[in-house]
Amino acid sequence: MSKYRTHTCGELNITHKGNEIILSGWINKKRDHGNLLFIDLRDNYGLTQCVIDKSNKIFNDLEKLPLETVIKIEGTVLERTKETINKNIITGQIEVKIKKIFVLGKTKELPLPVFSDQEYAEEIRLKYRFLDLRRKKIHQNIILRSKVISFIRLEMQNFGFLEFQTPILTSSSPEGARDFLVPSRLNQGKFYALPQAPQQFKQLIMVSGFDKYFQIAPCFRDEDARADRSPGEFYQLDLEMSFVEQEDVFNVIEKLFVKLFKNFSKKKILDEKFPRISYSDAMLRYGSDKPDLRNPLQIYDLTEIFKREDVKFDIFKKLVKSGSVVRSIITKKTKEKPRSFFDGIDNWAKEQGSSGLAYFSLEKNDKILGKGPVGKFFSEESLKEIMKKTNAAVGDTVFLSCGKKNEVEKILSQARTKIAEELNLIDKNVFSFCWIIDYPMYEMDELSKKIKFSHNPFSMPQGDLNNINFLDPLNIKAYQYDIVCNGIELSSGAIRNHIPELMYKLFEIAGYSKSDVDQKFSGMINALSYGAPPHGGIAPGIDRIVMLLADEKNIREVTMFPMNQNAQDLMMNAPSKVSDEQLKELGINIKKKN
RNA sequence: GGGGGUGUAGCUCAGUUGGUUAGAGCACGUGCCUGUCACGCACGGGGUCGAGGGUUCGAGUCCCUUCACUCCCGCCA
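Scoring rules and cut-offs
Residues numbered from 1 in each chain as written. Chains lettered and ligands numbered in written order. Predicted model: local features only at pLDDT ≥ 70, side-chain atom pairs only at ≥ 80, totals over all residues. Heavy atoms only, no water. Near = heavy atom within 4 Å. Polar contact = N/O pair within 3.5 Å; in protein donor to acceptor, adjacent residues only side chain to side chain. Helix = DSSP H or I, 4+ residues; strand = E, 2+ residues; numbered from the N terminus. Nonpolar A, V, L, I, M, F, W, Y, C, P; charged D, E, K, R; others polar. Pairing = 2+ DSSP bridges. Axes fitted to C-alpha atoms, helices over the stretch in contact; angles between N-to-C directions. Patch = residues over 30% accessible without salt bridge, like charges linked within 9 Å, V, L, I, M, F, W, Y side chains within 5 Å. Areas by Shrake-Rupley, 256 points an atom, 1.4 Å probe, with all protein chains shown as cover. Salt bridge = Lys/Arg side-chain N within 4 Å of Asp/Glu carboxyl O. Buried < 20%, exposed > 50% of the residue type's maximum accessible area, 1.4 Å probe, protein only.

Caption draft 1: Focus on the protein's contact with RNA strand B. RNA strand B sits among 48 residues. The nearest are Lys 29, Asp 32, Asn 35, Tyr 120 and His 455. When atoms of RNA strand B within 4 Å of the protein are split into backbone and base, the sugar-phosphate part holds 54%. At 2.9 Å from a base oxygen of RNA strand B is found a side-chain nitrogen or oxygen belonging to Asn 86. Interatomic distance of 2.8 Å between a side-chain N/O atom of Arg 229 and a base nitrogen of RNA strand B. Secondary-structure elements contributing two or more residues to the surface near RNA strand B are β1 (20–32), β2 (36–43), β3 (46–53) and α2 (122–127). Per-class residue counts for the surface near RNA strand B are 14 nonpolar, 17 polar and 17 charged.

Caption draft 2: A look at the sheet that holds strand β16 (residues 368–371). Strand order in the open sheet formed by 5 strands is β13-β14-β17-β15-β16, and the pairing between neighbours is antiparallel. The strands lining the two open edges of the sheet, one partner per strand, are β13 (299–301) and β16. Going from strand to strand, the sheet's axes swing by 30 degrees on average, the running direction of each strand aside. One ladder, built from 3 bridges, connects β13 with strand β14 (residues 325–331); its direction is antiparallel. Opposite Ile 299, over in β14, you have Ile 329 as the bridge partner.

Caption draft 3: A look at a nonpolar patch on the surface. On the surface, a cluster of nonpolar side chains totalling about 270 Å² of accessible area is made up of Tyr 4, Phe 102 and Leu 104. Here Tyr 4 shows up in the segment before β1. Judged by relative accessible area, which is 41%, Tyr 4 ranks as partly exposed.

Note that every value here comes from positions in space, so none of it alone points to a role or purpose.
Okay, here's the thing in structure tokens:
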């Protein structure tokens, strides 16, 4: 028998009536009646009400113990009377009559209460994370995370995947995010980099003939944080498969995700066969490559309308002549909404840094006309054309944005969310997955006007590999895909380029010489030259999956020991200074800040 | 690097047009209370109003600077 407990605090029920038992845990809550004291004892498994009265000599000592003291209780399980049963806790049918107690761990005055559902300042929560983690909601989130990871492991093994570890200390690579660097003592002046993802390693695993690999892999990227993006480190379900095409990867993920999300959430999955949307379609219809498909609003291009003679909206017409586009969002049956609704949206758009959203509603007297600030600029014929293009009807409202294509995409993407929220159009009880496919291989860097890889440089280009038009690189599409759920990007993946000659060619377009590639990606390019199988994979973000399942908006709510927005660990005091001896060994001098 | 929000007791917050000794709930302390489960009642301790400067007879409140946290943009193949 354990010295500390015979049962956990979530275990006792009516069948234990009369038993002599031992419990250990934290004092969650006291209710002191002066001559009668209730103590809710808490551990990982639950709560048990313990009771003592004045007839016991230790009553006065127990009465004085502060909340969160760790104690061991010896006592008897009593059946509660009918009126005193607590249906809210699993042990609510019984209580423990205390005979003896032992204090196992004292507490200082608490910097934040554990017994409370209130929200607390992030700073104090992170500094005292061990207290914060005792609180019910986040405690359950972390347990959920553990279960999700176990579930994924099991499923992946059932699919025939092998789990491997890959190095944490590796080399810096020129593409992608900023690296975290680790100085080398034995090779002074040189640095390791922490992996941004095990990308090259997993491809090497395929070349090594292991066929199907996965890992719950830590990834390190030195970029600024967001609510759904931890600074520094995060976890991916990293996987790679040999002898596969895009649809084979989709098949595994769809099976896994449907099972996973059904198992851990009551929300419905909108389409179990996830819709495939091309990148260009997504940008046109949703203004984003991570559309929230729960949102029924769509974006329509109306640029052509503003080239018509019978449309007199001169500001937009002038902009269209100089290459701008006009796109719209239609809201259904919003004609009667108060002016404040429309102006609110317009003002919001201006706050987002755009020139605002023009709007008018469609009305019909003897003919169709536009009502609202810019409605008068449109002829009946032009309005009919708009209705045809957008499926708008009388009573609907047309919101318009005009500007450079990428600016319009951005503001309408945000407006789509904003308007849907205002009109309460988003079903919160649904998971809506989709695949975004057919990403372009390259894009133009706006600043340098140079061609660069738009996503993963190791992706396989689409089409006949012997006939790729390298002179028109911006039109080369890649077998590169993202999976999106409820507007959250869960992952990118790709079918990889396993042909060295083709890879040199593709890197050349992005400005890397053969020797650049040989040097920067030596491990991989070398390996691909010795018989590499066609392969591909994907790497869904674990943290974001758990966020969706836990219904949390912030990644720190599903991360045990997160850093704050400035990438500091307030509990462990990281990052911190190191001794001069340590620096000397590494051959590093710290420059003083001016 | 840029923009927004927040900062008052250990914690969550209120604080009027600039005006007496800055309040409430929880927590903590003392006392009363034998069936509570957010127990109740009474009393009490606890404040660099984030920091610095300024305006004023007088600043939690107005102005300037600055710091911290947070959300967003940039960034994140």
